[in-house]
Amino acid sequence: METMKKYYQKPGLHAHLNGSVSFETMEKLIARKPHLNIKHSMTAIRNGQHRTLDECFQVFKVIHQLVDSEEDILMVAKAVIQEFAADGVKYLELRSTPREETKTGLSKRRYIESAIEAIRQCKQEDVDIEVRFLVAIDRRNGPEVAMETVKLAEDFMLSSDGLIVGLDLSGDPTVGHGKDLLPALQRAKNCGLKLALHLSEIPSQKEESELLLDLPPDRIGHGTFLHPEVGGSDSLVDKVCKQNIPIELCLTSNVKGQTVPSYDKHHFQYWYERGHPCVLCTDDKGVFCTDLSQEYQLAASTFGLSQEAVWHLSQQAIQCSFAPEAVKQQLEQKWAELRPRVL
Ligand code: 6MZ
């Protein structure tokens, strides 16, 4: 584990802001809002514990009560960025769903501005990590809110000095249908936002995935039930492979959230064996009590990956990122410098 932290630089590409809030930050938030009477056990799924995906979504609702002002967003976003940096993550794409909260006067615009401010402050304070932001659509909120979110993201794309690079589609996969969100997603694509879409996180999303893959997305989140061995189809796999769409894989999240029965049954193996671009990610490092080093460690020990294979896996993620070419080149350089000392 220490080896992974110390020697492996890693890009983190699938990290939900509020799901990434650590135990320590959560303690501060709980202390700030004692009237909410929230206990730590309601905000995280500890090691050895499992929850249904539905229960995981209840956890986010609790966290959202704790993070409901500009000040909170700035604080949690800075802490999350610093924690990823301390874990050896050199490039991070953080995603979050803009919310408005009448109680605190938070607007969706100020929500995004606070997250951007956190990224800027970390840069000024020389935290050793490049960070970009993806604006998230929560599918629960339907097509109109999705379109509003895309318009907001478009505005910010022009005014955020390149910090906003894309759009995420996430939220409870049992709610809503992707076909209703197609116009918003298409608009985002047309205006140059990269698309990272949660696809086939549960088995019943086959038809939706067929539709969304025709956009096509620039990356797939989870893709747990795409392949035929778990009820997906050859047609879905063909679309993913022909378009070479990288898949963001989150081992701990899927096992703790019970969409995958055990680490050795994780679909990482299916895609990795085909040589398909796979990116290890944390998903919600706070909620699932993990970090990116642990995810690499788990993949290495479960699937018998050599040090070289692990290095290649993290290096390959650079090209799957939405970073501009110049940043990708700088990261490639960093990776190349480190390689001879490790192998
Ligand atoms: C789908 C997820 C998710 O946006 O408030 N989110 N969506 N599947 C998952 N797998 C476990 N984990 C997190 O972060 C929390 C939000 O991210 C999405 C959900 O919409 C959740 O409310 P933000 O920063």
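A short tour of the structure in this document, coming up. Every residue gets a number counted from 1 within its own chain, in the order that chain's sequence is written. Since the coordinates come from a predicted model, pLDDT governs what is reported: local features require at least 70, and pairs of side-chain atoms require 80 or more to be given and counted, while whole-chain, interface and lining totals use all residues. The basis for every side-chain value is the complete set of non-hydrogen atoms in the structure, without hydrogens or water.

Only DSSP runs of H or I covering at least 4 residues are called helices, and only runs of E covering at least 2 are called strands; the numbering of each starts at the N terminus. Along the backbone of the chain there are 14 helices and eight strands. Principal-axis analysis of the C-alpha atoms gives the chain an extent of 50 × 45 × 40 Å. Every residue pair with non-hydrogen atoms within 4.5 Å of one another is taken to be in contact. Residue pairs at least 24 apart in sequence account for 77% of intrachain contacts in the chain once pairs closer than 6 positions are excluded.

All right, on to the site of the ligand then. A cutoff of 4 Å decides nearness: a residue is near a molecule or strand if any of its heavy atoms lies inside that distance of it. Contacts to the ligand come from 20 residues, most closely from Asn 18, His 64, Ser 96, Thr 97 and Asp 284. Definition of a polar contact: a pair of N or O atoms within 3.5 Å, with one able to donate and the other able to accept a hydrogen when the atoms are protein atoms, and with sequence-neighbouring residues admitted only if both atoms are side-chain atoms. Within the side chain of Thr 97, one N or O atom sits 2.7 Å away from an oxygen atom of the ligand. At 2.9 Å from a nitrogen atom of the ligand is found a main-chain nitrogen or oxygen belonging to Gly 171. When residues of the shell around the ligand are traced back to their parent elements, those giving at least two are α3 (53–66) and β2 (89–96). The dominant element in the shell around the ligand, judged by the number of residues it contributes, is α3, at three residues. Tallied by class, residues from the shell around the ligand come to four nonpolar, 11 polar and five charged. Lys, Arg, Asp and Glu make up the charged group, whereas Ala, Val, Leu, Ile, Met, Phe, Trp, Tyr, Cys and Pro make up the nonpolar group; the residues left over, Gly among them, are polar.

Glancing now at the sheet that holds β2. Here, any two strands with at least 2 DSSP bridges between them count as paired. Spatially, eight strands are ordered β1-β2-β3-β4-β5-β6-β7-β8 in an open sheet, and the strand pairing comes out parallel. The open sheet has two edge strands, β1 (10–16) and β8 (278–280), and neither has a second partner. Sheet twist, expressed as the average angle between the axes of neighbouring strands with direction ignored, equals 25 degrees. The pairing of β1 with β2 spans five bridges and is parallel. Among the inter-strand pairings, Pro 11 is bridged to a residue of β2, identified as Tyr 91. Axis geometry follows a simple rule: fit a line to the C-alpha atoms, using only the stretch in contact for helices, then measure angles between N-to-C directions, giving values from 0 to 180 degrees.

Attention now moves to the pattern of salt bridges. The term salt bridge refers to a pairing of a side-chain nitrogen on Lys or Arg with a carboxyl oxygen on Asp or Glu at a separation within 4 Å. Under the counting rule described, the total for this entry stands at 27 salt bridges. Across the pair Asp 68 and Lys 103 runs a salt bridge whose closest N-O atoms are separated by 3.7 Å. Within this pair, whereas Asp 68 is found in the loop between α3 and α4 (70–86), its partner Lys 103 is found in the loop between β2 and α5 (108–124), the two being separated by 35 residues in sequence. Residue burial is assigned from relative accessible area. The probe radius is 1.4 Å, only protein chains are included, and a residue is buried under 20% of its type maximum, exposed over 50%, and partly exposed in between. Classification of Asp 68 by relative accessible area gives buried; the value is 7%. Residue classification places Lys 103 among the exposed residues on the basis of a relative accessible area of 69%. Taken together, the salt bridges that share partners define one network made up of Arg 32, Lys 33, Asp 68, Asp 72 and Lys 103.

This part covers α5. For α5, spanning 17 residues, the distance from its first C-alpha to its last is 25 Å, which sits close to the expected 24 Å at 1.5 Å a residue. Every buried residue belonging to α5 is among Lys 108, Tyr 111, Ile 112, Ser 114, Ala 115, Ile 116, Ala 118, Ile 119, Gln 121 and Cys 122, and all of these are buried. Among the structural elements, α4, β2, β3 (130–138), α6 (142–159) and β4 (164–170) are those in contact with the buried residues of α5. Looking one or two residues beyond α5, the residue adopting positive phi is Asp 126, at roughly 60 degrees. What a helix is expected to span follows from its residue count: subtract one and scale by 1.5 Å.

For Pro 246, the position within the fold is in the loop between α9 (234–242) and β7 (247–249). Distance from Pro 246 to Leu 213, taken between C-alpha atoms, is 12 Å for residues 33 residues apart in sequence. Setting aside residues no more than four positions away along its own chain, Pro 246 makes contact with Asp 218, Arg 219, Ile 220, His 276, Pro 277 and Cys 320.

With that out of the way, let us pick up the packing of aromatic side chains. Only Phe, Tyr and Trp rings are paired, with Trp represented by its six-membered ring, and only when their centres lie within 6.5 Å; those with planes under 30 degrees apart are stacked, over 60 edge-to-face, the remainder tilted. Enumeration according to the criterion identifies four aromatic pairs in this entry. Arg 219 extends its terminal NZ or CZ atom over the ring of Phe 322, reaching a point 3.9 Å from the ring centre. To sit over a ring, a charge needs its Lys NZ or Arg CZ within 6 Å of the ring centre and within 35 degrees of the ring normal.

Counting through the fold element by element, Glu 101 comes out in the loop between β2 and α5. In terms of polar contacts, Glu 101 uses its side chain to reach the side chain of Arg 99, at 3.1 Å. Each residue touching Glu 101, except ones within four places of it in the same chain, is listed here: His 64, Asp 68 and Leu 106.

Attention shifts here to the pairing of β4. Counting buried residues along β4, seven of its seven residues qualify, which places the element largely inside the surrounding structure. Alignment of β3 against β4, held across six bridges, turns out to be parallel. When the sheet's bridge partners are listed, Ala 136 is paired in β4 with Asp 168. The sheet contact formed by β4 and strand β5 (residues 194–199) spans four bridges and is parallel. Its bridge partner being in β5, Leu 167 is matched across the sheet by Leu 195. Seen with the strands pointing away from the viewer, any crossover whose path from the first strand over the helix to the second strand runs clockwise is right-handed. You can see the chain leave β4, run along helix α7 (residues 182–190) and come back into β5, and the turn it takes is right-handed.

Counting 103 residues, the largest nonpolar core has Leu 92, Ile 129, Leu 167, Leu 185 and Leu 305 as the members making the most contacts within it. Leu 185 has contacts with Ile 137, Leu 167, Leu 169, Leu 195, Leu 197, Leu 212 and Leu 215, leaving out every residue within four places of it along the chain. We define a nonpolar core as any set of buried Ala, Val, Leu, Ile, Met, Phe, Trp, Tyr and Cys residues linked to one another through side-chain atoms lying within 4.5 Å.

This part is about the environment of Phe 225. Mapping Phe 225 onto the fold places it in the loop between β6 (219–222) and α9. Separated by 104 residues in sequence, Phe 225 and Gln 121 have C-alpha atoms that sit 39 Å apart. Look past the residues within four positions of Phe 225 in its chain and what remains in contact with it is Ser 200, Glu 201, Ile 202, Pro 203, Val 230, Gly 231, Gly 232 and Thr 259.

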